[in-house]
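Commentary on secondary and tertiary structure
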There are 2 protein chains.
Amino acid sequence: MKKSLADKIEQYLKVLIDRSENYEIEIQRAELAETFDCVPSQITYVIGTRFNEKCGYYTESRRGGKGFVRITRLDDAEVQAGISRREFFVFLDQIMAMELITENENRMLKHLVVSSFKQVPGEIQNKLFLAIKAGLEDFVDLS
Amino acid sequence: MKKSLADKIEQYLKVLIDRSENYEIEIQRAELAETFDCVPSQITYVIGTRFNEKCGYYTESRRGGKGFVRITRLDDAEVQAGISRREFFVFLDQIMAMELITENENRMLKHLVVSSFKQVPGEIQNKLFLAIKAGLEDFVDLS
DNA sequence: TATATAAGGTCAATGAATGTCAAAGGGGAA
DNA sequence: TTCCCCTTTGACATTCATTGACCTTATATA
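Attention here is on the structure that accompanies the text. (Residues numbered from 1 in each chain as written. Chains lettered and ligands numbered in written order. Predicted model: local features only at pLDDT ≥ 70, side-chain atom pairs only at ≥ 80, totals over all residues. Heavy atoms only, no water.)

Once that is clear, we can look at the sheet that holds strand E3 (residues 68-73) of chain A. Residue and element names in this part refer to chain A. Taken together, 3 strands build an open sheet; the order of strands is E1-E3-E2 and the sheet is antiparallel. With one partner strand each, in any of the chains shown, strand E1 (24-27) and strand E2 (57-62) form the two edges of the open sheet. Across this sheet, the average inter-strand angle for adjacent strands is 15 degrees, counted without regard to direction. (Pairing = 2+ DSSP bridges. Helix = DSSP H or I, 4+ residues; strand = E, 2+ residues; numbered from the N terminus. Axes fitted to C-alpha atoms, helices over the stretch in contact; angles between N-to-C directions.)

Here it is as structure tokens:
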């Protein structure tokens, strides 16, 4: 794969995180931009597309003097713990209230989840709830 | 039989895959089109007809600068999972034709299945397909 | 406290790739 | 010959990356 600049910056940051103590690094946006000879907003772009929560990262930042960007990789527990059935149902009700899905779709999904998940090991269930939630968010975006 | 251009491109790509490390190659659509002196969408056509999941291949791609198309030859287990999924999709299309679910519900379920099931071990996927199918039959009965 | 300086954030424009779709072309079987 | 199905083509759509002008916020200093 021909690596784009964004790919290279991504890789660079991931190496830094791997080598870090707590899977957490702090960078200076402008300085990193200098290193890669690009505009600072390029760094923002990489962080926004490759290090967002969906990708299993959490970021904080501060502006002004002594500013920084901190990137934290969520550990497996945080990423994979997922959400409970109750939380998932609440989510369904919410997006129904927002008219992103119909009442029938809401009922259908609940029914499927209840009737099908008995066959799935417990630890995978919550992961699936989370994945389905993400998939739904995706789907209603597209619609 | 006379070989069409599509056949030649297919053969060319399969040689590349055979020679590759992990049965996986990456190409640039426009570049390959140039090589064969054809329009880029011809490449898309070859990939769509000769390197789809039914044929035992999986493809990914990225648009924009430094974009690419990646073709992976699936192993037997992956092919099996793909078959059960296709059967499930056919089932969805059938009950949509019977107007038991809407077109939107059909699309939604397919989307959820592809986006969520990556996280689930192969053996469980088949069970889930059957369970969801049963759950759906149940649900449309109630409605 | 007021002002200057030093960060990071936002957004829209542009360019570079792939995707989609419908129409036209061509070859083989009946 | 005719018809059907697979190919081939091209116009247009969508997505991703890159850049730069301008905005917001925090700190340092007079």
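Right, let's get into the protein's contact with DNA strand C. Near DNA strand C, the surroundings consist of 23 residues, among which Arg29(A), Ser61(A), Arg63(A), Arg29(B) and Arg63(B) are the closest. Sugar plus phosphate: this is where 64% of the atoms of DNA strand C within 4 Å of the protein reside. Contacts to DNA strand C include Gly64(A), whose backbone N or O atom sits 3.0 Å from a base nitrogen. Only helix H2 (29-35), helix H3 (40-50) and E2 of chain A together with helix H2 (29-35), helix H3 (40-50) and strand E2 (57-62) of chain B provide two or more residues apiece to the surface near DNA strand C. A class-by-class count of the residues in the surface near DNA strand C yields 4 nonpolar, 12 polar and 7 charged. (Near = heavy atom within 4 Å. Polar contact = N/O pair within 3.5 Å; in protein donor to acceptor, adjacent residues only side chain to side chain. Nonpolar A, V, L, I, M, F, W, Y, C, P; charged D, E, K, R; others polar.)

With respect to the secondary-structure elements, His111(A) resides in helix H6 (residues 103-116). Among the residues examined, His111(A) registers a relative accessible area of 19% and is labelled buried. At a separation of 3.2 Å, a polar atom in the side chain of His111(A) contacts the main-chain carbonyl oxygen of Gly135(B). (Buried < 20%, exposed > 50% of the residue type's maximum accessible area, 1.4 Å probe, protein only.)

Bringing the interface of chain B and chain A into the picture now. On the chain A side, the residues contacting the 32 residues of chain B number 32 residues. Summed over the three residues of chain B that lose the most area to chain A, namely Met108(B), His111(B) and Phe139(B), the buried surface amounts to 22% of that side. There are 2 salt bridges connecting chain B and chain A. Summed over the shared surface of chain B and chain A, the result is 6 residue pairs in polar contact (both at pLDDT 80 or more). Among the elements of the structure, strand E3 (68-73), helix H5 (103-116) and helix H6 (122-142) of chain B are those that each provide at least two residues to the side of chain B that touches chain A. For the side of chain B that touches chain A, the element with the most residues is H6(B), which contributes 10 residues. Taken together, the residues of the side of chain B that touches chain A break down into 14 nonpolar, 9 polar and 9 charged. (Contact = heavy atoms within 4.5 Å. Buried area = accessible area lost by both parts, 1.4 Å probe. Salt bridge = Lys/Arg side-chain N within 4 Å of Asp/Glu carboxyl O.)

Pairing between the strands of a sheet is mediated by backbone hydrogen bonds and can be parallel or antiparallel. Residues and elements named next belong to chain B. Strand order in the open sheet formed by 3 strands is E1-E3-E2, and the pairing between neighbours is antiparallel. Each edge of the sheet is formed by a strand with only one pairing partner; in this case those strands are strand E1 (24-27) and E2. Each strand of the sheet is rotated relative to its neighbour by a mean of 15 degrees, with strand direction disregarded. Looking at chain direction, E1 and E3 are connected through 4 bridges and run antiparallel. The partner of Ile 27 across the bridge, within E3, is Val 69.

Near DNA strand D lie 27 residues; those nearest to it are Ser41(A), Tyr45(A), Tyr45(B), Arg50(B) and Arg63(B). Sugar and phosphate atoms form 67% of the subset of DNA strand D atoms that lie within 4 Å of the protein. Ala6(A) places a main-chain nitrogen or oxygen 2.8 Å from a phosphate oxygen of DNA strand D. With respect to DNA strand D, the side chain of Arg63(A) contributes an N or O atom lying 2.7 Å from a base oxygen. At the level of elements, helix H1 (5-19) and H3 of chain A together with helix H1 (5-19) and H3 of chain B are the ones that each hand at least two residues to the surface near DNA strand D. Split into classes, the residues belonging to the surface near DNA strand D amount to 10 nonpolar, 10 polar and 7 charged.

All names here are of chain B. Across the 6 residues that make up E3, a large majority, 5, are buried. Relative to E3, E2 runs antiparallel, the two being bridged by 6 bridges. Residue pairing in the sheet places Glu 60 in a bridge with Arg 70 of E3. Between E2 and E3, which pair antiparallel and follow one another directly, the connecting turn spans 5 residues, one of which, Gly 64, has a positive phi of 75 degrees.

The analysis is restricted to geometry; functional conclusions fall outside its scope.
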